[in-house]
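Residue strings, one per chain:
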Amino acid sequence: MLDSNKDSLKLEAMKRIVAMIARGKNASDLFPAVVKNVACKNIEVKKLVYVYLVRYAEEQQDLALLSISTFQRGLKDPNQLIRASALRVLSSIRVPIIVPIMMLAIKEAASDMSPYVRKTAAHAIPKLYSLDSDQKDQLIEVIEKLLADKTTLVAGSVVMAFEEVCPERIDLIHKNYRKLCNLLIDVEEWGQVVIISMLTRYARTQFLSPTQNESLLEENPEKAFYDRLLLRNTKPLLQSRSAAVVMAVAQLYFHLAPKAEVGVIAKALVRLLRSHSEVQYVVLQNVATMSIKRRGMFEPYLKSFYIRSTDPTQIKILKLEVLTNLANETNIPTVLREFQTYIRSMDKDFVAATIQAIGRCATNIGRVRDTCLNGLVQLLSNRDELVVAESVVVIKKLLQMQPAQHGEIIKHLAKLTDNIQVPMARASILWLIGEYCEHVPKIAPDVLRKMAKSFTAEEDIVKLQVINLAAKLYLTNSKQTKLLTQYVLSLAKYDQNYDIRDRARFTRQLIVPSEQGGALSRHAKKLFLAPKPAPVLESCFKDRDHFQLGSLSHLLNAKATGYQELPDWPEEAPDPSVRNVEEEDLSLIETHVGLLGEYTEVPEWTKCSNREKRKEKEKPFYSDSEGESGPTESADSDPESESESESKSSSESGSGESSSESDNEDQGEEEKGRSSESEQSEEGEKSKRKRRKVTKGQGGASSSDEGSDSSSSSSESEMSSESEEEQVAPASWRKKTPPSSKSTPAAKEVSLLDLEDFTPPSVQPVSPPTVVSSSLAADLEGLTLTDSPLVPSLLSPVSGVGRQELLHRVAGEGLAVDYAFSRRPFPGDPHMVSLHIHFSNNSEAPIKGLHVGTSKLPAGISIQEFPEIESLAPGESATAVMGINFCDSTQAANFQLCTQTRQFYVSIQPPVGELMAPVFMSENEFKKEQGKLTGMNEITEKLTLPDSCRSDHTVVQKVTATANLGRVPCGTSDEYRFAGRTLTSGSLVLLTLDARPTGPAQLTVNSEKMVIGTMLVKDVVQALTQ
């Protein structure tokens, strides 16, 4: 169906494929069939094709690269959805070679008149940054431009890009702070969360702490606490339907607001407890942290934290935590009655947590300590052993506070040693009896006697406490317990656990006086019977507030990857004038009733300007050629989509009626502007092509034409949304050329639309430095052009590039490793590139066990390891052969070279010329195959050959040294032809050099793999022009 000529069948097929993806099925096998339809003229089919490509472009990078010219054409499509989808697909192809193309596309999209396309450009910025962090400076310029955008659709996305790329550049936010605060109510929910999180960090660095400056706040509120604007604009969002937005506002108020104002978030957070259990879990984690410092905030809502029988265990335990934090002398009777009910639950973990909560209440509130202790003692008669065990552990901690008053409880616990089998509980009882043995002098020796009987069958934790009990009784009541102590220590001396054996030997030497009389034995009582401080029962959420609330790090109580610390308040307020902007941008001239009934001021830039004024503004931006064509009545192919998307986002975020009306008026103006833009861009494109034909040899002229055309189109796209000062930005972007393009002799113009001129100017050379250096001739000495006497003129040299360093002897601790591309077929796999690895030992010790360790390889790349070199004596050298399948890409293969003692991380990045093997064909076959590879499969470049590169021998040597191609016979003396196939896919690569005696030479490469062809042209031109 995808190969059909009918659009209806293609559309049906694409719907089925997208449905498969939505159900989670793998549809990657259909990629070749789908990618062919990217050039389909049917808008609906094209939309679905782009949806598919966004999903699989990263997995099928090579196939996606074949259609890159179509994606570039899509960037100028009249339909905003197609433009955005093309940019989204382009940014999904994660291959470093197209970074310059992505950068140009993002810059173009940042000036697009459609806010949806600008939003997509903001989404593409973090993708490009993760692919190539060296582009950071250029991306910051784009972010700065997009931050000045006045559209709510763009705000959230560009702030997210700011957080990913340059969160430290707070200076970019100063001018946009007030605008972001005012736009916040109308931004979509996802954007609101991102903006609020960013503004929380911003406010902590730019404003004084409200708690430390209350006196200053009373004297001058604006000076003391400038983020009143931020608090006022975020407060309505507490009624948002999104739990994430409410949580974001809550953490902002908790970290920024004065104590008197923080209470407003409690009601909103309690409302979220009626949501799903996942939302409840996150909210309760944050409430538990807040309730420790701001207990009074949640006390009116105590009953909202009562536990239901249907709650999951995690939710129950978190609610227990909150109830315990909120307990005070006023509400403790109610809380304890609730806890008494919870103890009867069938959930054992929950019951154990409840008993611990009772213990914490008894510790924090002295008035109810005796009541809690009596209640826990009653639980000792419970049938459930786990309840009894947990009660014993908590009672032990409470008794440490007032042991003298509770001798009866200790006696009661001693009687339980016959019944309780839980190791932790038995150990707690033994510790209590030993620590307070003077309160139970008659019972303690009998408990030791019983434990000595069952010593060998006890758990390790119990055995250790039995040894402690025996030592303490020996020191306080040696007449009754001397023999028992010696018996227990003798048993422990031969125990299987070394901790117990060590403890027994240590204790014996410490308490039993020996003939030599150790110094420590005189202080045994001070060591064993020293008074110990009572334990402090604290909440596990006590120290979590140093993480920002609502963050993943706070949830996990550990610093997560990418987490940014919340900065401390400044001691002195920074200069507030940095947030001042021109009055015309923020003149508040009209008020409207907001969603919550209060009066809100509407900035001037949210209303539509007069149509006549806009037409007057547009006049100076048209060039003469474009003014002749004039706007026509050609409409956008999808005029409703943009207005629907904007009105949908504004209505979902809860904007007022007035703002939606002004948005619709703006939208109508933008639609008309875009219709004229599409017509003028077509006229401009035709005139530009005519000019290029006339001035084909003059790079400067074509560059100036293109510059004027692009600047006019960029100004058109910015008129509806940006000021005159911002319209200079795209022109300045175009003037800044990357450093690598400065060495190009002719200024070749790059356009995202023109297939013939697809030569990215800032693509870094992928070949190693020895290939592109000025000493190329020296590197190529000794290379032969023959491999067999049968066809001497058709074969490539045996090896192209000289030896290159893989591991320096200093970094390798005496081991030096070089490698060279042998250009021989690899014996194990014909798809692999054969490399000769040369090892030399420059150290004074032998190197043993040389082998390849673990490798971190991109998808599709594989390595055939060389056999292990058992030993390499000092001064010796060895050569091994290994194969690497680079999958027709110049991505580096990263792996480890390992010896018996060390691991060295190394990387091999192939020149594009080593990814192919020579092919021998006749002249007619060459012309036939070349005829099949035209259009986007053909790359042409003009160059001027130096006088030293005019002879046949020199030309053939330089071309074959750069690329592993075979020479094809040619009847013309001034024309050279070479042919090869890529090793992995077997795609043909045909190279033709027309070296005319007069005028510039012309280099043409025909290849199915367009990126390889582009890179090959660049490398061959560099080799020939040196």
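Just so we're clear, the structure is a prediction, and the values are computed from it rather than from any experiment.

Conventions we followed
- Residues numbered from 1 in each chain as written.
- Predicted model: local features only at pLDDT ≥ 70, side-chain atom pairs only at ≥ 80, totals over all residues.
- Heavy atoms only, no water.
- Helix = DSSP H or I, 4+ residues; strand = E, 2+ residues; numbered from the N terminus.
- Buried < 20%, exposed > 50% of the residue type's maximum accessible area, 1.4 Å probe, protein only.
- Pairing = 2+ DSSP bridges.
- Lys, Arg positive; Asp, Glu negative; His and termini not counted.
- Salt bridge = Lys/Arg side-chain N within 4 Å of Asp/Glu carboxyl O.
- Contact = heavy atoms within 4.5 Å.
- Axes fitted to C-alpha atoms, helices over the stretch in contact; angles between N-to-C directions.
- Parallel < 35°, antiparallel > 145°, perpendicular 65-115°, else oblique.
- Left-handed = near helix turned anticlockwise from the far one by under 90°.
- Nonpolar A, V, L, I, M, F, W, Y, C, P; charged D, E, K, R; others polar.
- Phe/Tyr/Trp six-rings, centres within 6.5 Å; stacked < 30°, edge-to-face > 60°.
- Lys NZ or Arg CZ within 6 Å of the ring centre and 35° of its normal.
- pLDDT = per-residue confidence, 0-100.

Can you walk me through unusual backbone geometry in this structure?
A negative phi angle characterises most non-glycine residues, just as the trans form characterises most peptide bonds. One non-glycine residue, Asn-557, lies in the positive phi region at around 60°. Within the secondary structure, Asn-557 sits in the loop between helix 34 (552-556) and strand 1 (588-593). Look at Asp-888: it is not a glycine, yet its phi comes out positive at around 55°. Looking at the secondary structure, you find Asp-888 in the loop between strand 9 (877-885) and strand 10 (893-898).

Quick question: what am I supposed to make of the pairing of strand 4 (residues 815-821) here?
The side chains of a regular strand alternate, residue by residue, between the two faces of the sheet. Burial runs high along strand 4: six of the seven residues are buried. As judged from the three bridges shared by strand 3 (residues 804-807) and strand 4, these two strands associate in the antiparallel manner. Paired with Glu-805 across the strands is Asp-818, a residue of strand 4. By the bridge criterion, seven bridges tie strand 4 to strand 5 (residues 833-841) in an arrangement that is antiparallel.

Please explain the side chain of Glu-390 as it appears in this structure.
Here Glu-390 shows up in helix 26 (residues 385-399). It turns out Glu-390 is buried and unbridged, and the closest side chain with the opposite charge, Lys-397, is 6.7 Å from it. Each residue touching Glu-390, except ones within four places of it in the same chain, is listed here: Ala-352, Ile-355 and Gln-356.

It is not clear to me how the packing of helix 13 (residues 189-206) against helix 17 (residues 243-256) should be interpreted in this structure. Could you clarify?
When two helices pack together, their arrangement is given by the angle between their axes and by how far apart the axes lie. At their nearest, the axes of helix 13 and helix 17 sit 9 Å apart, and the two run at 10° to each other. As far as their axial angle goes, helix 17 and helix 13 are roughly parallel. Between helix 13, through Glu-189, Gln-192, Val-193, Ile-196, Ser-197, Thr-200, Ala-203 and Arg-204, and helix 17, the contact on the second element is made entirely by Ala-244, Val-245, Ala-248, Val-249, Gln-251, Leu-252, His-255 and Leu-256.

Looking at this structure, I do not really get the pairing of strand 9. What am I missing?
Examined bridge by bridge, strand 5 and strand 9 share eight bridges and lie antiparallel to one another. For Val-833, the partnering residue across the bridge sits in strand 9 and is Ile-884. Relative to strand 9, strand 7 (residues 862-864) runs antiparallel, the two being bridged by three bridges. Within strand 9, the position partnered with Ile-863 by the bridge is Ile-884.

What exactly am I supposed to notice about the packing of helix 25 (residues 369-379) against helix 26 here?
The contact between helix 25 and helix 26 brings their axes to 9 Å, and the two run at 150°. By the angle between their directions, the pair helix 25 and helix 26 is classed as roughly antiparallel. At the point where helix 25 passes helix 26, the crossing takes the left-handed sense. On helix 26, the residues touching Leu-373, Leu-376, Val-377 and Leu-379 of helix 25 are Val-387, Val-388, Ser-391, Val-394, Ile-395, Leu-398 and Leu-399. By residue class, the composition of the contact of helix 25 with helix 26 is 10 nonpolar, one polar and no charged.

Honestly, the side chain of Gln-285 in this entry has me stumped. Any pointers?
Relative to the assigned elements, Gln-285 resides in helix 20 (residues 277-293). When its relative accessible area of 3% is taken as the criterion, Gln-285 is described as buried. Those residues in contact with Gln-285, other than ones at most four positions away along the chain, are Leu-318, Phe-541, Arg-544, His-554 and Leu-555.

I would appreciate a short explanation of the pattern of salt bridges in the present structure.
Any two side chains of opposite charge can pair if their charged atoms end up close together. The tally for this structure, following the rule as stated, stands at 25 salt bridges. The residue Asp-311 makes a salt bridge to Lys-319 at a minimum N-O spacing of 3.1 Å. The two residues Asp-311 and Lys-319 agree in class, both being buried. Between Glu-435 and Lys-472 there is a salt bridge, with the nearest N and O atoms lying 3.0 Å from each other. Taken together, the positions of Glu-435 in helix 28 (residues 423-435) and Lys-472 in helix 30 (residues 460-476) put the pair 37 residues apart, joining distant regions of the chain. Looking at Glu-435, the relative accessible area reads 11%, which means it is buried. Given the relative accessible area of 5%, Lys-472 is considered buried. The network of salt bridges with common partners includes Glu-923, Lys-927, Glu-975 and Arg-977.

Is there a simple way to explain the sheet that holds strand 11 (residues 903-908) in this structure?
Pairing in this open sheet of four strands is antiparallel, and the strands run 8-6-10-11 from one edge to the other. In this open sheet, the two strands that pair with only one neighbour each are strand 8 (869-872) and strand 11. Going across the sheet, the axis of each strand differs from the next one's by a mean of 35°, ignoring polarity. Direction of pairing for strand 10 relative to strand 11: antiparallel, over a ladder of six bridges. Within strand 11, the residue paired with Ala-893 across the bridge is Ile-908.

Help me understand the packing of aromatic side chains in this model?
Both the distance between ring centres and the angle between the ring planes are used here to describe each pair of aromatic rings. A complete count under the given rule lists 11 aromatic pairs for this structure. Above the ring of Tyr-56, the side-chain terminus of Arg-55 is found at 4.5 Å from the ring centroid. The side chain of Lys-463 reaches across the aromatic face of Phe-455, ending 5.8 Å from its centre.

Explain the sheet that holds strand 4 to me, please; I cannot follow it from the model alone.
Through backbone hydrogen bonds, the strands of a sheet pair up, either in parallel or in antiparallel fashion. Strands sit in the order 3-4-5-9-7 across an open sheet of five strands; the sheet is antiparallel. Looking at strand neighbours, the two that pair on one side only are strand 3 and strand 7, the edges of this open sheet. Adjacent strand axes in the sheet meet at a mean angle of 30°, parallel and antiparallel pairs treated alike.

Before we go on, may I ask you to explain the confidence of the model for the chain in this structure?
Low pLDDT marks stretches whose predicted atomic positions should not be read closely. Per-residue confidence for the chain gives a mean pLDDT of 75; residues scoring 70 or more make up 75%. In this model residues 583-799 is a low-confidence stretch, pLDDT under 50, and it forms 291 contacts with partners more than four residues away in sequence or in other chains.

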